[in-house]
Amino acid sequence: MPSKKSAPDFLLISATFMLLAIGIIMVYSASADLGQYRFNDAFFFAKRQMLFAGLGIAAMFFIMNINYMTWRTWGKVLLLICFLLLIVVLVPGIGQVRGGARSWIGVGAFSIQPSEFMKLAMITFLAKYLAEHQKKITSFKKGLLPTLTLVLTAFAMIMLQPDLGTGAVMVGTSVVMIFVAGARISHFAGLGVLGLMGFAALIISAPYRMKRITSFLDPWSDPLGSGFQIIQSLYALGPGGLLGLGLGQSRQKFGYLPEPQTDFIFAILSEELGFIGAVFVLLLFSILLWRGIRIALGAPDLFGSFLAIGIIGMVAIQVMINVGVVTGLMPVTGITLPFLSYGGSSLTLMLASIGVLLNISRYARY
């Protein structure tokens, strides 16, 4: 195990806490009216977000002080636990159904989403596998095929819920790690064609997904149905202008944009804080990406490098998909914006992941 430690990456911690603070403020701003209407408490969602943030920060600092090589030892166990949870969540009476997806396990309002934790478990296991079998990854049969079989098995189990967004992030992150490990581009080209065919089959098999594609191409063809969310999101982005309408002054959060505190919180942020506020948030995410890549390049071993790439890749992919959906550049899918969107499992997982990244930074050679 690496033994020479230094201080954790200051810029990474700073950017994380700034995003977290902005997120709590925006969750309150976006959800106050909804909380008052549903629970007679304008602070309902904000208080829960602060609770999850507190748990996540505690996890981040705890994990930051655990040598990252520990996860190499426990990677397989964590993956098996997450596979078991993905099975348990499908059991009627145990798994909770929300928004048409059986994705949560818990009691009452407090629950966890196993598919979220599968993302980090898969990253940890792949980092170990790729570090130990990097030379094999150029071989389709001996390296690439076994790796993708594992990833696609997890994806299939997540799709049984179904949760296309989380599954897509996990697959995308895994592909980034495999590509960085040295897989051949020719293999990816062939698999890319098969992947597009499979993606098309998934869309065709579910009418609501097909509606999301058609509404993405022309949301005004069904403005009160499948195109409603993206139209309302664009209505939020437009009036924001350069400086925004002002904190708390969003119009779209008043029953126009469904669940504005979760997947579409970036639209509310852009409406209230304007172009400058949106760019500032994207700048903070860019700092996270920059520091994560530097940590990966400076890690003392392959496992640390792949682990860092996986974590920062997961964050980057979620940001790109979420912002792409909000701005109308991608079809609507249920992906939260890291550190900003309301959600306990997502926020806790992201902060715990940053804790792992911070620990790697303590051994990295810049």
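Note: the structure precedes this text.
Values in this document were obtained by computation on a predicted structure and should not be read as measured data.

### Observations concerning the overall build of the protein chain
When you go through the protein chain residue by residue, the secondary structure sums to 12 helices and three strands. Taken over C-alpha atoms, the radius of gyration comes to 20 Å for the protein chain, in line with the 21 Å a tight globule of 366 residues would show. The dimensions of the protein chain, computed from C-alpha atoms along their principal axes, are 55 × 45 × 40 Å. Looking at the protein chain residue by residue over its 366 residues, the buried ones come to 52%. Once local pairs closer than 6 in sequence are excluded, the contacts in the protein chain between residues at least 24 apart make up 72%. When the accessible surface of the protein chain is split by element, carbon and sulfur atoms take 72% of a total near 16300 Å².

### Section: the environment of leucine 297
On the secondary structure map, leucine 297 appears in helix H10 (residues 265-298). As for leucine 297 and alanine 101, which are separated by 196 residues in sequence, their C-alpha atoms are 38 Å apart.

### A short note on helix H9 (residues 228-240)
When the terminal C-alpha atoms of H9 are compared, their 19 Å separation across 13 residues agrees well with the 18 Å that a helix rising 1.5 Å per residue should span. Ile230, Ile231, Gln232, Ser233, Ala236 and Gly240 are the residues of H9 that are buried. Following H9 by one or two positions, glycine 241 has its phi on the positive side, about 60°.

### Concerning the nonpolar core
By size, the foremost hydrophobic cluster in this structure holds 101 residues, and its most contacted members are Met118, Met170, Phe285, Leu288, Leu307, Phe339 and Leu340. The element contributing the most residues to this core is helix H11 (residues 302-326), with 15 residues. Contact partners of phenylalanine 339, with chain neighbours within four places excluded, come to Thr16, Leu19, Leu20, Gly23, Phe285, Leu288, Leu347, Met350, Leu351 and Ile354.

### Quick notes on a nonpolar patch on the surface
On the surface, a cluster of nonpolar side chains totalling about 510 Å² of accessible area is made up of Leu242, Leu243, Phe275, Ile276 and Val279. By the element assignment, leucine 243 lies in the loop between H9 and H10.

### Concerning the packing of aromatic side chains
Scanning the model with the defined rule gives eight aromatic pairs in all. Pairing tyrosine 28 with phenylalanine 43 gives two aromatic rings, centres 4.7 Å apart and planes at 15°, and the pair type is stacked. In this pair, tyrosine 28 is assigned in helix H1 (residues 10-39) and phenylalanine 43 in the loop between H1 and helix H2 (44-64), connecting sequence segments 15 residues apart. Overall, the relative accessible area of 33% leaves tyrosine 28 in the partly exposed class. Clustering of aromatic rings is evident, with ring pairs tying together Phe39, Phe44, Phe45 and Tyr342. Of note, arginine 291 hangs over the ring of tryptophan 290, and the distance from its end group to the ring centre comes to 4.5 Å.

### Some remarks on the side chain of aspartate 163
Within the secondary structure, aspartate 163 sits in the loop between helix H5 (140-159) and helix H6 (164-181). Buried within the structure, aspartate 163 lacks any salt-bridge partner; lysine 119 is the closest side chain of opposite charge, at an N-O distance of 7.9 Å. A polar contact of 3.5 Å, which involves the side chain of aspartate 163, links it to the side chain of serine 115. Contacts of aspartate 163, omitting those with residues within four sequence positions, involve Ser103, Gln113, Ser115 and Ile158.

### Side note on the packing of H10 against H11
Axis separation between H10 and H11 bottoms out at 10 Å; the angle between their running directions is 160°. With respect to their mutual orientation, H10 and H11 come out roughly antiparallel. Crossing of H10 over H11 shows left-handed handedness. The segment H10 lies against H11, with Phe266, Ala267, Leu282, Phe285, Leu288, Leu289, Gly292, Ile295 and Ala296 engaging Ser305, Ala308, Ile309, Ile312, Val315, Ala316, Val319, Asn322, Val323 and Val326. When grouped by side-chain class, the residues that make up the contact of H10 with H11 number 16 nonpolar, three polar and no charged.

### Description of the pattern of salt bridges
Within this structure, the stated rule accounts for six salt bridges. Across the salt bridge formed by glutamate 132 and arginine 72, the nearest N and O atoms sit 3.5 Å from each other. Placement of glutamate 132 in helix H4 (residues 114-132) and of arginine 72 in helix H3 (residues 70-88) is noted, with a sequence separation of 60 residues between them. For glutamate 132, a relative accessible area of 40% gives the class partly exposed. As a salt-bridge pair, lysine 128 and glutamate 132 come within 2.9 Å of each other at their nearest N and O atoms. Note that lysine 128 and glutamate 132 are positioned in helix H4 at a spacing of four residues, about one turn of the helix.

About the thresholds
Residues numbered from 1 in each chain as written. Predicted model: local features only at pLDDT ≥ 70, side-chain atom pairs only at ≥ 80, totals over all residues. Heavy atoms only, no water. Helix = DSSP H or I, 4+ residues; strand = E, 2+ residues; numbered from the N terminus. Rg over C-alpha atoms; globule rule 2.2 N^0.38 Å. Buried < 20%, exposed > 50% of the residue type's maximum accessible area, 1.4 Å probe, protein only. Contact = heavy atoms within 4.5 Å. Areas by Shrake-Rupley, 256 points an atom, 1.4 Å probe, with all protein chains shown as cover. Expected span 1.5 Å × (residues − 1). Core = buried A, V, L, I, M, F, W, Y, C linked by side-chain atoms within 4.5 Å. Patch = residues over 30% accessible without salt bridge, like charges linked within 9 Å, V, L, I, M, F, W, Y side chains within 5 Å. Salt bridge = Lys/Arg side-chain N within 4 Å of Asp/Glu carboxyl O. Phe/Tyr/Trp six-rings, centres within 6.5 Å; stacked < 30°, edge-to-face > 60°. Lys NZ or Arg CZ within 6 Å of the ring centre and 35° of its normal. Lys, Arg positive; Asp, Glu negative; His and termini not counted. Polar contact = N/O pair within 3.5 Å; in protein donor to acceptor, adjacent residues only side chain to side chain. Axes fitted to C-alpha atoms, helices over the stretch in contact; angles between N-to-C directions. Parallel < 35°, antiparallel > 145°, perpendicular 65-115°, else oblique. Left-handed = near helix turned anticlockwise from the far one by under 90°. Nonpolar A, V, L, I, M, F, W, Y, C, P; charged D, E, K, R; others polar.

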